[in-house]
Amino acid sequence: MTDTVFILPPALAPGGTAQVAETPFGAVSGRGNIFVRTEGSDARALIYAAKAGGARRVIAADFVQPVSPLLEPGDIIIPADLIDQTKLRPFTFFVGKGYGFIKLNPPFCPDLMGALLGAARRRTARSFRGGTYVCADGPRDATPAELRMYRQWGADLVGTGLLPEVYLARELELCYGAITAVGEADLLPILQEAVTPVEQTCACGQTMKLTKEMGAVGEDWRTWL
Ligand SMILES: [Zn+2]
């Protein structure tokens, strides 16, 4: 049992990774409570494995391309909002169920955002909270025209990793927070530092409360899928 699971891009994968979980959505590789987001894998496997392992919180990392001209290589951003430009990724556990309309305001767990910002600021003053993250399908960078469009939309950064993990974590009532870096940076120590117990004030664990009250689902999350 682990309270927190980390989801990392392959470039941050620690040495000695192996299969750490088997799920109905495929296998998850990593080490202990560190899961690796591999190219083309089903995000439902990562979130399912986190929940099945007893986690309450998921902290994810991604490397991003700057959209805002104010961002510099090495900057760390704790995104606060999202624009979804992905296509055809499996974005829900509740296919054909008719329930699970998930609220996304705020999209990321506010408790984890605060903890991540604190840990990031201790590493670098170039740590920012509140960016809007565009998630696009990879594996490629955004084109200059796409970057101009994202800028007009009010976005700050673009990456490929955090969706649909955000939605899937919500569906299973997990806290989900994310940290991103412009270019490569050693984010794992920041993630691990952010874990130091945060008193839970968020409502992430109540996402399905109404659906339960309406009798559409029971208490056991495994029966929701
Ligand atoms: Zn939360």
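Thresholds applied
Residues numbered from 1 in each chain as written. Predicted model: local features only at pLDDT ≥ 70, side-chain atom pairs only at ≥ 80, totals over all residues. Helix = DSSP H or I, 4+ residues; strand = E, 2+ residues; numbered from the N terminus. Rg over C-alpha atoms; globule rule 2.2 N^0.38 Å. Buried ≥ 20, exposed ≤ 12 C-beta atoms within 10 Å, placed from the backbone. Contact = placed C-beta atoms within 7 Å. Pairing = 2+ DSSP bridges. Core = buried A, V, L, I, M, F, W, Y, C linked by C-beta atoms within 7 Å. Expected span 1.5 Å × (residues − 1).

Caption draft 1: A look at the overall build of the protein chain. Counting its secondary structure elements, the protein chain contains 6 helices and 9 strands. Taking 17 Å as the expected radius of gyration for a compact globule of 225 residues, we find that the protein chain reaches 17 Å, a close match to that expectation. Along the longest, intermediate and shortest principal axes, the C-alpha atoms of the protein chain span 50 × 35 × 35 Å. For the protein chain, buried positions account for 41% of its 225 residues. For the protein chain, restricting intrachain contacts to residue pairs at least 6 apart in sequence, the fraction spanning at least 24 positions comes to 78%.

Caption draft 2: Local environment of the pairing of strand β7 (residues 127-136). Within β7, 7 of the 10 residues are buried, leaving the element largely enclosed by the surrounding structure. As defined by bridge partners, strand β6 (residues 76-85) adjoins β7 across 9 bridges and the pair is classed as parallel. Counterpart to I77 in the pairing with β7 is F128. One ladder, built from 3 bridges, connects β7 with strand β8 (residues 157-159); its direction is parallel.

Caption draft 3: Examining unusual backbone geometry more closely. Of the consecutive residues N105 and P106, the connecting peptide bond is found in the cis state with omega at 5°. By secondary structure assignment, the location of P106 is in the loop between β6 and α2 (110-123). Following G138, the chain continues into P139 via a peptide bond in cis, with omega recorded as -5°. Position of P139 relative to the elements: it lies in the loop between β7 and α3 (144-152).

Caption draft 4: Summary view of the environment of F25. One can find F25 in the loop between β2 (18-23) and β3 (26-31). With 21 residues separating them in the primary sequence, F25 and L46 have C-alpha atoms 8.6 Å apart. Contacts of F25, omitting those with residues within four sequence positions, involve D42, R44, A45 and Y48.

Caption draft 5: Representation of the nonpolar core in the model. V58, L116 and I179 are the most contacted members of the largest nonpolar core, which has 67 residues in total. Every residue in contact with V58, bar those within four places of it in the chain, is listed here: V5, I7, I47, A50, A169, L174, C175 and Y176.

Caption draft 6: Focus on the environment of P107. Here P107 is to be found in the loop between β6 and α2. Taking the C-alpha atoms as reference points, P107 and P79, separated by 28 residues in sequence, lie 9.4 Å from one another. Look past the residues within four positions of P107 in its chain and what remains in contact with it is D81, L82 and V166.

Caption draft 7: Representation of α2 in the model. With 14 residues, α2 extends 20 Å from end C-alpha to end C-alpha; this agrees with the ideal 20 Å at 1.5 Å per step. Turning to α2, its buried residues number three or more, namely L112, M113, A115, L116, L117, A119 and A120.

Caption draft 8: Here's a closer look at the pairing of strand β5 (residues 57-66). Burial of β5 is extensive: 7 of the 10 residues sit out of reach of the surface. For strand β1 (residues 4-8) and β5, the ladder comprises 4 bridges, and the chain directions are parallel. Across the sheet, the residue bridging to V5 is V58, located in β5. By the bridge criterion, 8 bridges tie β5 to strand β9 (residues 175-182) in an arrangement that is parallel. Its bridge partner lying in β9, R57 is registered against C175. In this structure, β5 lies alongside β8, joined through 2 bridges in antiparallel fashion. Pairing of Q65 across the sheet is with V158, part of β8.

Purely geometric numbers; function is a separate question.
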